[in-house]
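Here is how the chains run, residue by residue.
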Amino acid sequence: MKLKSFIAAIGLSAVAAASFAADITGAGATFPFPIYAKWAEAYKKETGTGLNYQSIGSSGGIRQIRAKTVAFGATDAPVKGADLDKDGMVQFPAIIGGTVPVFNLEGFGKGELRVTGPVLAEMFMGKISKWNDPKLVALNPGKTLPNLTITVVHRADGSGTTFNWTDYLATVSKDWLDTVGRGAAVKWPAPTSVGGKGNEGVAANVTRTKGALGYVEYAYAKRNNIAVMALQNKNGNYVMPDDETFAAAAAGADWFSVPGMGLSIVNQPGAKAYPVTTASFILMYKAPADKAQSAEVLKFFDWAFKNGKQMALELDYVPLPDALTKQIRERVWTQVNSK
């Protein structure tokens, strides 16, 4: 089944969903949707159990799980430990990937423009408003950049991708931190800003807007053949996004050092580390109303952790290492009363 077909399939009506009682229900982040779709297709072939996942953004996923309309919520902006305790939920990472700066500039392809974090922050703030700004020219010697306005494309919905992107910009730019800050939804200061719903909407707007600059999860850039900038990392090297550079950034992560495993891994040190590497998280109730559904969720992710690594790598995500998934089973899943 192709991804478009799967997207259509998840739009099942309540009546149709009811006829497949064993199907798993989930909602939230668009960041991991490509890999969840791929896992779901393979899992259904093997087990007969389907996944009805609504790719509605991280904020929507948190709302849905709190409303108890789904068996799991998915978010790229981790919920704080105190809020998890208040809600009676657990949280664990399911996949690692990267958010990337994408652009639409005639004559420039993937990796053919270089940018630093502080310069990128100025572009998203509107302080650098033209592609031939001297700061961009200095970073790209020998390239002829056009006198074209930069149109900033951002998420229009509450988004974990936005949280991760603004977390990175706030980490590398004090100006961004003081002026805009971090959040799943922020006030975008650039006067030439346009919004798009989901990673899909941002990718579409960048594709059709000359001079556009946006940010999406890497699988969306790859699938839509959108040009990606080479981004300077903490070690001073310009790196491109792929499973190797994401893995390099995540290598030293101590997930249990933060309540709810909600660790930020942006701007990690390392020669090959990609600066905007992030995890996507799953939310579940410790005492779920539907124990059978929660049991099916755990079976699905157990299967994905064991059998879905190659599928993840094919989409340039990074699967969690076996040592970490073992800890998740022993320290997190045991808190879910699914029997």
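Here's a quick rundown of the structure. (Residues numbered from 1 in each chain as written. Predicted model: local features only at pLDDT ≥ 70, side-chain atom pairs only at ≥ 80, totals over all residues. Heavy atoms only, no water.)

As for the overall build of the chain
Heads up, the rule is: Helix and strand assignments come from DSSP, with helices taken as H or I runs of at least 4 residues and strands as E runs of at least 2, each series counted from the N terminus. Radius of gyration here uses only the C-alpha atoms, and the compact-globule reference equals 2.2 Å multiplied by the residue count raised to the power 0.38. Contacts are assigned to residue pairs that have any heavy atoms within 4.5 Å of one another. Under the convention used here, a 1.4 Å probe and the Shrake-Rupley method define accessible areas, while residue burial counts only the protein chains that appear. In this count, Lys and Arg are taken as positive residues and Asp and Glu as negative ones, while His and the chain termini are left out. The atom standing in for a charge is NZ when the residue is Lys, CZ when it is Arg, CG when it is Asp and CD when it is Glu.
Tallying secondary structure elements over the chain gives 15 helices and 12 strands in all. Taking 20 Å as the expected radius of gyration for a compact globule of 339 residues, we find that the chain reaches 20 Å, a close match to that expectation. Taken over the C-alpha atoms alone, the chain extends approximately 65 × 40 × 35 Å along its principal axes. Contacts in the chain between residues far apart in sequence, at least 24 positions, make up 76% of those at least 6 positions apart. Total accessible area on the chain is roughly 13900 Å²; 53% of this is exposed by carbon and sulfur atoms. Considering the chain, the positive charge centre built from 36 side chains and the negative charge centre built from 28 side chains are found 3 Å apart.

Observations concerning the nonpolar core
The line we're drawing: In this text, buried Ala, Val, Leu, Ile, Met, Phe, Trp, Tyr and Cys residues form a nonpolar core when linked through side-chain atoms within 4.5 Å. Exposure classes here rest on a 1.4 Å probe applied to the protein chains alone. A residue is buried below 20% of its type maximum, exposed above 50%, and partly exposed in between.
Core analysis: the biggest nonpolar cluster contains 97 residues, and Leu120, Met123 and Phe301 have the highest contact counts within it. If one sorts the elements of this core by residue count, strand β4 (residues 89-103) sits on top with 8 residues. If near-sequence neighbours (up to four positions away) are discounted, Met123 is found in contact with Val115, Ile128, Trp131, Leu136, Ile150, Val152, Leu213 and Met229.

So, the packing of helix α3 (residues 33-47) against helix α13 (residues 291-307)
Going by this rule: Every axis corresponds to a line fitted to the C-alpha atoms, with the helix fit spanning only the stretch in contact, and the corresponding angles, defined between N-to-C directions, vary from 0 to 180 degrees. Oblique is the label for any angle not covered by the other classes, which are roughly parallel (under 35 degrees), roughly antiparallel (over 145) and roughly perpendicular (65 to 115).
Running from N to C, α3 and α13 cross one another at 105 degrees; their axes reach a closest spacing of 10 Å. As judged from the angle between their axes, α3 and α13 are roughly perpendicular. Contacts from Tyr36, Trp39, Ala40, Ala42, Tyr43 and Glu46 of α3 reach α13 at Glu296, Lys299, Phe300, Phe301, Trp303 and Ala304.

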